[in-house]
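Next come the chains, spelled out residue by residue.
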Amino acid sequence: MTTPTAFASVSALVRRETSMIYDEGKEYLVEARLAPLAAAKGLRLEEYVARLAFDAVERQKVIDALTINETSFFRDHTPYQAFTDAMLPPLLDARAHTRRLRIWSAACSSGQEAYSIAMLLDQHLPAGWDYEIVATDISTQMLERVRNGRFSQVEVNRGLPATSLVRYFTREGREWEISERLRSHITVRHLNLAAPYVGLGTFDVIWLRNVLIYFDAETKADIMRRMLPMLALDGFLLLGSSETTLDMPADLATAWRRETIGRVQAHRRAGAPTGGTLPTSTPLARTGA
Ligand SMILES: C[S@@+](CC[C@H](N)C(=O)[O-])C[C@H]1O[C@@H](n2cnc3c(N)ncnc32)[C@H](O)[C@@H]1O
């Protein structure tokens, strides 16, 4: 059993290094995930936790073990539909001179999001266009999985159309490996969303899905503030279906504008163009957010 002191110490470590909140009540989870790491070192849990103060390698293992990496190909479906139907057409017009798109899968987990986007771009970009998808996460284990581009039968059974499996994957033993053609467009980088974003450039679409839920309100606001210069003025930012900016401070309410695309709420910079194929647009400030 974790002692309250050991739990508090792990909770503080995770908060300091990832900004994720591990409140009281999650002791069982910490214990279940750290017990194998402690056992591998031949230590009791409390001894292992004490060791973390001076062992950076084990600290990264703890971060990897405590991140929630739930994901799937084409997760929630509707954002991908909105991406191809409503975001790509104006971006293709606006980028006709460079014929290049840059997408950020921020908090990419094992890469299903980044590879789903790559499949769509492979199918929808006109000939002669190029694209880069930057896939970032705080978990080094997950980033290794993105680089490997290998997925289990269970993973490809969840959300991936059979035609895409045939088109983009080859069977390697018990796993499915994504084609080099798609993999060559993915840049993998270790990045803590709660720390400065350096040398990433700007993006046409940012997928920031299902990660803000793990942070407190202040960290969420800070991340949304720092996302502004990362997004092209006419770009789109997507959050997870259960995530909202309704509780954001006033400066963000004017800096971001929510735009409804079918059943999806995209976020756009306040100065972004409106109209085109995008049905409705609501300034955050006017909704009282
Ligand atoms: C639930 S997954 C979401 C994956 C994908 N975006 C999706 O919607 O399917 C959350 C991811 O956020 C990552 N994460 C948690 N804290 C982070 C931080 N501070 N910086 C970057 N990534 C973080 C976790 O490692 C995990 O892979």
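Caption draft 1: Looking closely at the packing of helix α5 (residues 78–94) against helix α6 (residues 112–124). Taken N-terminus to C-terminus, the directions of α5 and α6 make an angle of 55°; their axes are 11 Å apart at the nearest point. In terms of orientation, α5 lies oblique with respect to α6. The chirality of how α5 crosses α6 is right-handed. For the pair α5 and α6, the contacting residues are Tyr-80, Phe-83, Thr-84, Leu-88 and Leu-92 in the first and Glu-113, Ser-116, Ile-117, Leu-120, Leu-121 and His-124 in the second. Here the contact of α5 with α6 is composed, by residue class, of seven nonpolar, three polar and one charged.

Caption draft 2: Expanded view of the sheet that holds strand β3 (residues 150–152). Ordered in space as β3-β5-β4, the three strands form an open sheet in which the pairing is antiparallel. At either end of the open sheet lies a strand with only one pairing partner, and these are β3 and β4 (169–172). Neighbour to neighbour, the strand axes of the sheet diverge by 35° on average, direction disregarded. Sheet topology places β4 next to strand β5 (residues 175–178); four bridges connect them, and they run antiparallel. Bridge pairing in β5 places Arg-171 opposite Trp-176.

Caption draft 3: Representation of the pairing of strand β8 (residues 231–239) within the structure. Summarising burial for β8: eight of the nine residues are buried, a large majority. What joins strand β7 (residues 203–208) to β8 is helix α11 (residues 217–227), and the crossover it makes is right-handed. Of the pairings in the sheet, the one linking β8 to strand β10 (residues 264–269) comprises two bridges and is antiparallel in character. Looking at the pairing, Leu-238 lines up with Ala-266 of β10.

Parameters at a glance
- Residues numbered from 1 in each chain as written.
- Predicted model: local features only at pLDDT ≥ 70, side-chain atom pairs only at ≥ 80, totals over all residues.
- Heavy atoms only, no water.
- Axes fitted to C-alpha atoms, helices over the stretch in contact; angles between N-to-C directions.
- Helix = DSSP H or I, 4+ residues; strand = E, 2+ residues; numbered from the N terminus.
- Parallel < 35°, antiparallel > 145°, perpendicular 65-115°, else oblique.
- Left-handed = near helix turned anticlockwise from the far one by under 90°.
- Contact = heavy atoms within 4.5 Å.
- Nonpolar A, V, L, I, M, F, W, Y, C, P; charged D, E, K, R; others polar.
- Pairing = 2+ DSSP bridges.
- Buried < 20%, exposed > 50% of the residue type's maximum accessible area, 1.4 Å probe, protein only.
- Right-handed = clockwise from strand over helix to strand, strands pointing away.

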